[in-house]
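Spelled out from the first residue to the last, the chains are:
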Amino acid sequence: QFFSSNIFENLAPGTYEFIAQDQNGCYVHGTGLLIQEPTPIIATVDPASVMPEMCFDEKDGAFSIDITGGTSPYQVRIDGGAYVQGVAGQTRFDFTALSGGNHVIDIRDANSCSTDLEYALPASVKLDPKAVVDYGCDNNAPSHTVTVTIDASITNSADVDYALDGIAPYQASNVFTNIAPGVHYITARHSNGCEMNTPT
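In short, a report on the structure. (Residues numbered from 1 in each chain as written. Predicted model: local features only at pLDDT ≥ 70, side-chain atom pairs only at ≥ 80, totals over all residues. Heavy atoms only, no water.)

Some thoughts on the overall build of the protein
Argument step 1. From N to C terminus, the protein includes zero helices and 15 strands.
Argument step 2. Computed over C-alpha atoms, the radius of gyration of the protein comes to 32 Å, more than 25% over the 16 Å expected from 2.2 N^0.38 for 200 residues, which places it beyond the range of a compact globule.
Argument step 3. When its C-alpha atoms are laid out on the principal axes, the protein stretches across 120 × 25 × 25 Å.
Argument step 4. Split into buried and exposed, the 200 residues of the protein put 25% on the buried side. (Helix = DSSP H or I, 4+ residues; strand = E, 2+ residues; numbered from the N terminus. Rg over C-alpha atoms; globule rule 2.2 N^0.38 Å. Buried < 20%, exposed > 50% of the residue type's maximum accessible area, 1.4 Å probe, protein only.)

Laid out in structure tokens, this is it:
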């Protein structure tokens, strides 16, 4: 089938032959027109780069991705933000200041081919420790008890231990008694590594 236009669009990758012919039937036969297709864009998270956000709302999580395929340079964005332009040949991109939970990375290459990658950082913990001082009397002498409460999202109390003024040893109990007079705080430490202090 002949067409009046010399432009052919939406062709699949492969090798093509073509004929150009005038109204008298004279023609030129061409061969070996190769249309190439880049390899698909593939993005993976480097497990060694993953830094979870341990404490809620600290936004100190991070990870890096490696990209293969497509056509460099690449552009990337995370969670619908602005695209960041990579330099030619750059295949690794770092993402920092992240919260725990799910993140979506969009990638597009120099030909505007695109893909996305979904990755979930471990969930952070919300400690929010608060100290309540109860002043009392024991055998006609002043006494006091300090009880630390933490956020209701922590359902397993065994995951948290406590230290007066952040100094070891830590104890499993959230109750402290007969603390010396002065200004103090209590550090709550979660098994995931998150540490937070009560107000003084």
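Some remarks on the pattern of salt bridges
Argument step 1. Applying the stated criterion across every chain, the model contains seven salt bridges.
Argument step 2. Across the salt bridge formed by R92 and D94, the nearest N and O atoms sit 4.0 Å from each other.
Argument step 3. Here R92 falls in the partly exposed class, since its relative accessible area comes to 33%.
Argument step 4. Put simply, D46, D66, R92 and D94 are held in one network by salt bridges that share partners. (Salt bridge = Lys/Arg side-chain N within 4 Å of Asp/Glu carboxyl O.)

Overview of the state of the cysteines
Argument step 1. Tallied over the full model, the rule gives one disulfide.
Argument step 2. Across the disulfide from C55 sits C194; the S-S distance is 1.8 Å. Taking the sign of the S-S torsion, about 115° here, the bridge from C55 to C194 comes out right-handed. Of the two residues, C55 is situated in the loop between β3 (42-45) and β4 (61-68) and C194 in the loop between β14 (186-190) and β15 (195-197); the sequence distance between them amounts to 139 residues. The same class applies to C55 and to C194, which are both buried. (Disulfide = S-S within 2.5 Å.)

Observations concerning the sheet that holds strand β9 (residues 114-121)
Argument step 1. Strand order in this open sheet of four strands is β6-β5-β8-β9, and the pairing throughout is antiparallel. Two strands in the sheet have a free side with no partner beyond their single neighbour: β6 (84-85) and β9.
Argument step 2. Of the pairings in the sheet, the one linking strand β8 (residues 101-108) to β9 comprises eight bridges and is antiparallel in character. Residue H103 lies in a different strand from β9, and its bridge partner there is Y119. (Pairing = 2+ DSSP bridges.)

With respect to the environment of A131
Argument step 1. With respect to the element layout, A131 can be found in strand β10 (residues 130-138).
Argument step 2. Note: C-alpha distance between A131 and P73 (58 residues apart in sequence) is 54 Å.
Argument step 3. A131 has contacts with V146, T147, V148 and T198, leaving out every residue within four places of it along the chain. (Contact = heavy atoms within 4.5 Å.)

Let's talk about the pairing of strand β1 (residues 14-21)
Argument step 1. Pairing geometry for β1 and strand β2 (residues 27-35), over seven bridges, is antiparallel. Looking across to β2, one finds that I19 is bridged to H29.

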